[in-house]
Structure formats: structure tokens, C-alpha cells
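# Geometric and topological summary
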Amino acid sequence: ELAVVRDVAAALAEHTDLQEILDTATQQLVARMGLRAAALRLLDEDTGVLKMASVANLSKEYLDKGQILAMDSPIDQNALAGQTVYIEDLRTDPRVFHKQKAREEGLFSGLVTGVSSGGKRLGVLRAYTGRRHVFSEYEVSLLEAIASQVATAIVNARLRRDMAQAEKVERQIKLAADVQRRMIPASPPSTPAYEFGCIYEPSSELGGDFYDFIRFDNGDVGLVISDVVGKGFPASLMMASVRSALRSHARRVTDITEIISSVNNRLEHDTLPHEFATAFYAELSADGRRMKYCNAGHEPMLLLRGGVVKELDVGGLALGIVEHAKYESAEVLLEPGDVLMTCTDGVLEALDYDGQAFGRPRLHQSLRLHGAMPADVPIQMAAKQMLWDVRRFSGLVAPGDDLTLVMVRVREGAAGPSSKA
């Protein structure tokens, strides 16, 4: 018996494809036990159906007899419970559903045992003879041993399949993440009137945050920061949609509220009710004197001037919630040395060990401290210091959301009149 089990195990080990393993198992069973036929049914946990997975020496007509629900079959219920069930005559036993089919197929006696691994029920293995037969203890033990080998092979094959699928998904995620990161500016624009500092740290491979800059022909600069609800593929696709829609409309439309309204209508039309995005869009004049903006449900942009922080929050609802929503815009007169800062809620909602959020008061304090750095210190350094404030607050608590932060410092000097071409 041990030699036979060893040979069967070796035969199964030659294959990695699950179907080849199952077919080898039924063929080996017929050959080793001198059977008329054999069948292996696997249990569908969702439906409770024992689906035919592999057969040896059974006709198509016999296989077309219909599906079997485990709960309706006493034989299979006992086998799945750990018993090995003997059927003296398949043609007359009241527990057998398709007696006439068994007669036509030339099947007489049967032996059914469960296929399980680690307490998990996988299916049943059936052995059929062509004449009346009483299975010996050796044959019963051999069938159970082969069923155990089949269970191990099935589990291993499924693990290999799942690992291969997981690796494929992982590759797709990495490719998608690479595409998404290319949508984030490699470096901020260089202009005579403004200096930019940017931080982008997604909490996973695929994030829902983004920021972007749009250069206009007259030297004006469009700035957008957005936070898409959710994570993973859906959020990344929605992020790309918001970015492309805003870029498209910003280059064709001069009114900021019309730009945001158009993006909102497109998003509301293309998304599900629970999908939306917040966004803050601003246009900085080339001369460094003015900024027009609209806040679509996003955290207010902060303006630091003379040690005082002001919140810029004129706008309307988040994008994608209500079609034809109304939006307002505002204009801010800028002065040399002004520092503007905008971020996503991953910064404000960063938690410490006690579950306390970083919050707006700490954000304002951090901006007042680091936004006051001398003009000869790059504003990127101030952005990094603000990020470190968040990290020091959170300690070793893993970030639960993407962290995105953009700072703007108004330089000295002017460049002339500004109007979008």
C-alpha cells in the first residue's frame, strides 16, 4: 500500500496544472485498484454543488445525468463528514439517485470517500467496479490514502494558482502605480513670481491624491490639488479622470467657476453615487499680484502673511455629488513674501497612538513656524519640515491615507499685466 501511495504521489507531482493533476488521480485510481471507473467531484462552497472535476472510463451520457447537491445526497454527506461509504449495488441502493444510468454504464459496486485538507472539505472521490464487489480493508485504506494525496495536490495547485494570480495583480498594480506617479509633476514650474514646494506620499501603491500645475501662454500658473474618495484601482482611475477633465477645461475656459462646474458635471455623470472628489483650483497671475481660486469641498488653502494665517474657502460642493451644482470663486491680492499652503485630508487626519488627529490648529502652527523661513531657504524645505511635524506627531503609526502638500511663496518683483490667453 505504501509503495502504491508513493507511486501515485510521484505521478501527481509530475504535474502543476490542476486539471492534469485531477485527471492523473482518477486514472491512477482505476489502474491501481483494478476498477471499472472512477470520478472526482469538487465541492462548490457557494452553491453546495458537487461539480464533476475528473473522470476515468465514464461515458458522456453518464456524465450528463445532472448535478448533485451535497445536502441532498446521504452518501456524499457522509463522505464529506469523514466516512468512507460502501455501496453494494448502485443499481438498487435507495441512496443512489441515478440507478438506471449506473445500470446502463455497467457499474455495480462503489466506494466513496471524502477529499479534505486541514478540516476543509474539498470534494469526494468515487471508485466503481463492474461487478458485485466487497472492498477489502486494504482497498478502503488505499482509496483513503489516494484521496489524501489528491487533497494535498489540489491545495498545492490552488496555492500556486493563487500565487500566480497575486503576482499578476501585483505586476498590474505596479504598472498602474508607475503610470499614476508620472501624472504627478516631476518638478514644480520655475517662474519669476513664485517658488513652489511639493510633497506627495501615497499610503499604498495606488493613491487617490494628486496635485498638478498648468502653464498658460501668458505666464499664469494653474494649481490644483485633489483628493478622490477611496483607494486602489477605482480611486486611481477616478483621479486620472479628474486630472484630465480639469486640464482640458482649464485650457479652454477662462472663468474658474465654469471650469469647476464642467468637471463636476462630467464626474457626476460618470461615477456612482458614493464616488466623489474634493479639489482646490487656483490660477496665479504671472506678475505675482493676484490669485483667483475655487474650493470644491476641499480643505481651505491657507495664506500666511505677517504671521497671520487666513483660510481661503470660497467655492462649493465636492465634485461628482450634485449635477449642475453652483460654485463661487474669489480673488486674493498677493504681496511679496506671502506663503500659500494647501494639503489633502491625509495631513489633517494623521493619527497618533491615542487616536487623536493632527488637526487644523497644529497645521496652522506648523505653517506659521516653517512658512516664516527666510527667503533664501527653499520653500521645499518648509514643505518637508511641515511633513516632519506630521510624522513626529504620528510616531510609528502607519499613515491611513495619502499625504499631499503644496506650498507657494510669492517672490519679490513683478512681471507685468496678467490675463489668460
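This text gives an overview of the structure that appears in the document. Quantities reported herein were computed from a predicted structural model and do not represent experimental measurements.

A few words now on the environment of Gln380. For Gln380, the location among the structural elements is in helix H11 (residues 379-394). With relative accessibility at 25%, the residue Gln380 sits in the partly exposed group. Separated by 13 residues in sequence, Gln380 and Leu367 place their C-alpha atoms 13 Å apart. Beyond its immediate chain neighbours, meaning those up to four positions away, Gln380 contacts Phe196, Gly197, Cys198 and Ile199. For Gln380, the side chain forms a polar contact with the main-chain nitrogen of Cys198, separated by 2.8 Å.

Here we come to the pattern of salt bridges. According to the stated counting rule, one finds 19 salt bridges in the structure shown. Between Arg126 and Asp76 there is a salt bridge whose closest N-O contact spans 2.7 Å. You can see Arg126 sitting in strand S6 (residues 120-128) and its partner Asp76 sitting in helix H4 (residues 74-80), a full 50 residues away along the chain. Here the two residues Arg126 and Asp76 agree in accessibility, since each one is buried. A salt bridge links Arg247 to Asp212; the nearest nitrogen and oxygen atoms lie 2.5 Å apart. On the criterion of sequence distance, the pair formed by Arg247 in helix H7 (residues 232-252) and Asp212 in strand S8 (residues 209-215) is long-range, its members being 35 residues apart. Residue classification places Arg247 among the partly exposed residues on the basis of a relative accessible area of 25%. The exposure class of Asp212 is buried, given its relative accessible area of 3%. The network of salt bridges with shared partners includes Asp212, Arg243 and Arg247.

Moving on, we come to the pairing of strand S12 (residues 301-305). In terms of burial, S12 is largely enclosed, as four of its five residues are buried. Relative to strand S13 (residues 308-312), S12 runs antiparallel, the two sharing five bridges. What sits directly across from Arg305, in S13, is Val308. In this structure, the hairpin formed by S12 and S13 is closed by a connection of two residues, where Gly306 is found at a positive phi of approximately 60 degrees.

Our focus in this paragraph is empty space enclosed by the protein. If you walk through the whole model with that rule in mind, you get three cavities of 30 Å³ or more. Taken as a whole, the largest cavity encloses approximately 170 Å³ of empty space. Along its surface, the largest cavity is lined by 15 residues, and Ile68, Val96, Phe97, His98 and Arg126 are the ones closest to its centre. Of all elements in the fold, only H4 and S6 reach the threshold of two or more residues within the lining of the largest cavity.

What counts and what doesn't
- Residues numbered from 1 in each chain as written.
- Predicted model: local features only at pLDDT ≥ 70, side-chain atom pairs only at ≥ 80, totals over all residues.
- Heavy atoms only, no water.
- Helix = DSSP H or I, 4+ residues; strand = E, 2+ residues; numbered from the N terminus.
- Buried < 20%, exposed > 50% of the residue type's maximum accessible area, 1.4 Å probe, protein only.
- Contact = heavy atoms within 4.5 Å.
- Polar contact = N/O pair within 3.5 Å; in protein donor to acceptor, adjacent residues only side chain to side chain.
- Salt bridge = Lys/Arg side-chain N within 4 Å of Asp/Glu carboxyl O.
- Pairing = 2+ DSSP bridges.
- 1 Å grid on protein atoms, 1.4 Å probe; cavity = no way out; pocket = protein on both sides within 12 Å on 5 of 7 lines; lining within 4 Å.
- Points joined across faces, edges and corners; volume = space filled by probe spheres on them.

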